[in-house]
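# Commentary on secondary and tertiary structure
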Amino acid sequence: MREKEVVIRIENLVKRFQGRPVLDGVNLEIHRGETFVVIGSTGCGKSTLLRNMIGSLKPDSGKVFLLGNDITDLHEDELDDVRMKIGMSFQSSALFDSMTVAENVSLGLIEHTRLQKSVIDIIVKMKLELVGLRGFEDLMPSELSGGMRKRVGLARAIAMDPEIVFYDEPTSGLDPITQGVIDKLIIDLSKKLSITSVVVTHDMKSAMAIADKIAMLYDGKILEVGTGCQIQKSKSEIVQQFITGCHDGPIHFFKQKEDYLDHLV
Amino acid sequence: MTNPIVAIGKTTINFFQNASSVLSLLATTIWWSVFGLFNRKASGSQSILNQMVFAGVQSLLIVFFISLFTGVVIAMQSAYQLRTLGAVIYVAPMVSISMVRELGPVFTALIVTGRVGSAITAELGTMKVSEQIEALETMALSPVRFLIVPRFLALLVMLPCLTVISDFVGMLGGLIVGVFNLGLDPYRYVTFSFNFLTWKDVWTGLVKSVAFATIISIIACYVGLKTQGGAEGVGKATTLSVVVSFILIVVFDCILTGLFYFSNM
């Protein structure tokens, strides 16, 4: 069987904040068309990894190849050319407050294409139909619920027909039904538009529902990569603790007790 | 405890880094402003118009009142002194020259800093902490071109306009005192006001207002884009932006006055 094209390759990625390594030698390959989910506990560096993948953060060392381009080495203009081929759905939706839903979705098309307004209006309606929000074009972001904002963010992310869509915690802060709707939307978009999806989440239920492949990030490194089934059957205690959500295990929520007295006094 | 020498060193380095970043932002903004003249999308022009209305038209009322009462106060204070010399008519040039050279440009700049500069910082700061700036970058849209250039150009046009209005309204304040309190002939008062004014008074005042517009817009935008840490961060950034702009306006006023009136220009 022919191996699918690698669209994202990360080699020995290291990123430190104030000397503390958040990513400490991450290696990863993501293939065209797959839905790749990065899981890990809160604050483990998932969003930092995502921001390195889209060039918002520069790594301290290592390489990130996005659609064949080493984005750690690119000038801002060249990086913009690569960014035209990707879309990003933010944790907070990041909709532009001063613009309507339609203006949010159409912004990239207006700024980067020479399409006529009538054509852009049709594209906006098509994208909003895909996320189930056709008819909401004239509302302001402040008039939308959390789930609707996420869906508008998604419509904006796919407005330019990107090759890859990145999702930062797409289901966090939503009720279970809306979570299910967003999960289905991610699967549908990947299938209907053949988009490569990279999802960062700590929601295991969502990860299992959408992922072709799951990678567990722990202690700044990728601990394990595999299909949902493989991850569920993993022999790693860390992975098992994360899947089951057990408070007792190798992943420490509290700091070690040995130095507690020293720290107190 | 931090070593005071280390603290001074860090503060100095921080100061120069920020100063160089502000200058770099100014250079980028000027470049995009010039480049944008040949490459302006409809949304950009609309954005500049909106900013001009906000920064200029909506500032008219406060500029009017502050300038009017400033003119009244200068007229009363100078009349108090000049009356002892029997030279009350010289209240007219006193008011006109001090308004056109100094008080018009400086007071208008301080008003606009408080009203517009703070709003710019708060808006950009909120956009920064809610990931909207990052969303723009991910969509390959430059925040400088999209957010800063319209605000910069709007202030560059509107602040000199407001300054001219402030000059006239200040003179009107003086005229009210001159006619109704000091019993001067209105025609004689106006003639005296303008006879003592030179073109140099006018253009130096306008050059100052252009310099102040640059300071207000660039500092407000820079501090806004550097905002970190949620609502508290936005509050702190807004205060910082106003304080830094106030200081720079007064310092540059001093430098420009020295340059225009105490050098061989």
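Only a predicted model underlies this, so the values are computations on that prediction, with no experimental measurement involved.

When helices and strands are tallied, chain B shows 9 helices and 0 strands. Order of helices (α) and strands (β) in chain B, N terminus to C terminus: α-α-α-α-α-α-α-α-α. Each principal axis of the C-alpha distribution contributes one length, and for chain B these read about 65 × 55 × 40 Å. A total accessible area of about 13,100 Å² is found for chain B, and carbon and sulfur atoms account for 73% of it. Between the centroid of the 14 positive side chains of chain B and the centroid of its 10 negative side chains there is a distance of 3 Å.

Enumeration over the complete set of coordinates arrives at 22 salt bridges over all chains. Between Arg83 of chain A and Glu76 of chain A there is a salt bridge, and its shortest N-O distance comes to 3.3 Å. Among the residues examined, Arg83 of chain A registers a relative accessible area of 4% and is labelled buried. Taken together, the shared-partner salt bridges in this structure form one network comprising Arg51 and Asp168 of chain A together with Glu131 and Glu134 of chain B.

On to unusual backbone geometry. Positioned with a positive phi, Asn12 of chain A is a non-glycine residue whose angle comes to about 45 degrees. The topology assignment puts Asn12 of chain A in strand 1 (residues 6-17). Despite not being glycine, Glu131 of chain B shows a phi value in the positive range, around 70 degrees. Following the sequence through the fold, Glu131 of chain B ends up in the loop between helix 4 (91-129) and helix 5 (132-138). Glu131 of chain B sits in the buried class, given a relative accessible area of 15%.

Now for the domain arrangement of chain A. Residues and elements named next belong to chain A. In terms of domains, chain A is made up of domain 1 (1-85 + 164-173 + 193-265) and domain 2 (93-161). For domain 1 and domain 2, the distance between their C-alpha centres works out to 28 Å. Of the roughly 580 Å² buried at the junction of domain 1 and domain 2 (both faces included), carbon and sulfur atoms supply 71%. When the buried area of domain 1 at its contact with domain 2 is split by residue, Met84, Val165 and Leu193 rank highest and sum to 61% of it. In this assembly, domain 1 and domain 2 are joined by 0 salt bridges. Linking domain 1 with domain 2 are 1 residue pair in polar contact (both at pLDDT 80 or more), by the criterion used here. Looking at side-chain class alone, the side of domain 1 that touches domain 2 contains 6 nonpolar, 1 polar and 1 charged residues.

What follows concerns the packing of helix 3 (residues 101-112) of chain A against helix 5 (residues 146-157) of chain A. Residue and element names in this part refer to chain A. In contact at an axis separation of 8 Å, helix 3 and helix 5 are set at 25 degrees when each is read in the N-to-C sense. Classified by the interaxial angle, the pair formed by helix 3 and helix 5 is roughly parallel. Where helix 3 crosses over helix 5, the handedness of that crossing is right-handed. Of the residues in helix 5, those touching helix 3 at Val101, Asn104 and Val105 are Val152, Ala155 and Arg156. Residue composition of the contact of helix 3 with helix 5, grouped by class: 4 nonpolar, 1 polar and 1 charged.

All names here are of chain A. Read from one edge of the open sheet, 6 strands run 6-7-8-3-9-10, paired in mixed fashion. Where the open sheet ends on each side, the last strands, each with one partner, are strand 6 (86-89) and strand 10 (221-226). When the angles between neighbouring strand axes are averaged without regard to direction, this sheet yields 15 degrees. Across 4 bridges, strand 3 (residues 35-39) lies against strand 9 (residues 213-218) in parallel orientation. Across the sheet, Val38 pairs through a bridge with Ala215, a residue of strand 9. Of the strands in this sheet, strand 3, strand 9 and strand 10 touch helix 9 (residues 237-244), which is tilted by about 105 degrees from strand 9.

In this section: the packing of aromatic side chains. All names here are of chain B. Across all of its chains, the model carries 10 aromatic pairs over all chains by this definition. With 5.7 Å between their ring centres and 75 degrees between their planes, Tyr90 and Phe192 make a pair best called edge-to-face. Placement of Tyr90 in the loop between helix 3 (60-85) and helix 4 and of Phe192 in helix 7 (residues 186-195) is noted, with a sequence separation of 102 residues between them. Given a relative accessible area of 39%, Tyr90 falls into the partly exposed group. The class for Phe192 is buried, based on a relative accessible area of 17%. Considering the side-chain rings of Trp203 and Phe260, the 5.4 Å spacing of their centres and the 80 degrees angle between planes classify their relative orientation as edge-to-face. With Trp203 in helix 8 (residues 199-225) and Phe260 in helix 9 (residues 230-261), this residue pair connects regions lying 57 residues apart in the sequence.

All names here are of chain A. Spatially, 4 strands are ordered 2-1-4-5 in an open sheet, and the strand pairing comes out antiparallel. The open sheet terminates on both sides in strands that have one partner only, identified here as strand 2 (20-31) and strand 5 (69-70). As judged from the 5 bridges shared by strand 1 and strand 4 (residues 61-66), these two strands associate in the antiparallel manner. If you follow Val14 over to strand 4, its bridge partner there is Ser61.

This part is about the environment of Val26 of chain A. Residues and elements named next belong to chain A. Within the secondary structure, Val26 sits in strand 2. The sequence separation of Val26 and Lys15 amounts to 11 residues, and the corresponding C-alpha distance is 9.5 Å. Residues in contact with Val26, not counting those within four places in the same chain, are Ile10, Glu11, Asn12, Leu13, Leu49, Leu217, Gly220, Lys221 and Ile222.

Criteria and cut-off values
Residues numbered from 1 in each chain as written. Chains lettered and ligands numbered in written order. Predicted model: local features only at pLDDT ≥ 70, side-chain atom pairs only at ≥ 80, totals over all residues. Heavy atoms only, no water. Helix = DSSP H or I, 4+ residues; strand = E, 2+ residues; numbered from the N terminus. Areas by Shrake-Rupley, 256 points an atom, 1.4 Å probe, with all protein chains shown as cover. Lys, Arg positive; Asp, Glu negative; His and termini not counted. Charge placed at Lys NZ, Arg CZ, Asp CG, Glu CD. Salt bridge = Lys/Arg side-chain N within 4 Å of Asp/Glu carboxyl O. Buried < 20%, exposed > 50% of the residue type's maximum accessible area, 1.4 Å probe, protein only. Domains from an automatic or database assignment. Buried area = accessible area lost by both parts, 1.4 Å probe. Polar contact = N/O pair within 3.5 Å; in protein donor to acceptor, adjacent residues only side chain to side chain. Nonpolar A, V, L, I, M, F, W, Y, C, P; charged D, E, K, R; others polar. Axes fitted to C-alpha atoms, helices over the stretch in contact; angles between N-to-C directions. Parallel < 35°, antiparallel > 145°, perpendicular 65-115°, else oblique. Left-handed = near helix turned anticlockwise from the far one by under 90°. Contact = heavy atoms within 4.5 Å. Pairing = 2+ DSSP bridges. Phe/Tyr/Trp six-rings, centres within 6.5 Å; stacked < 30°, edge-to-face > 60°.

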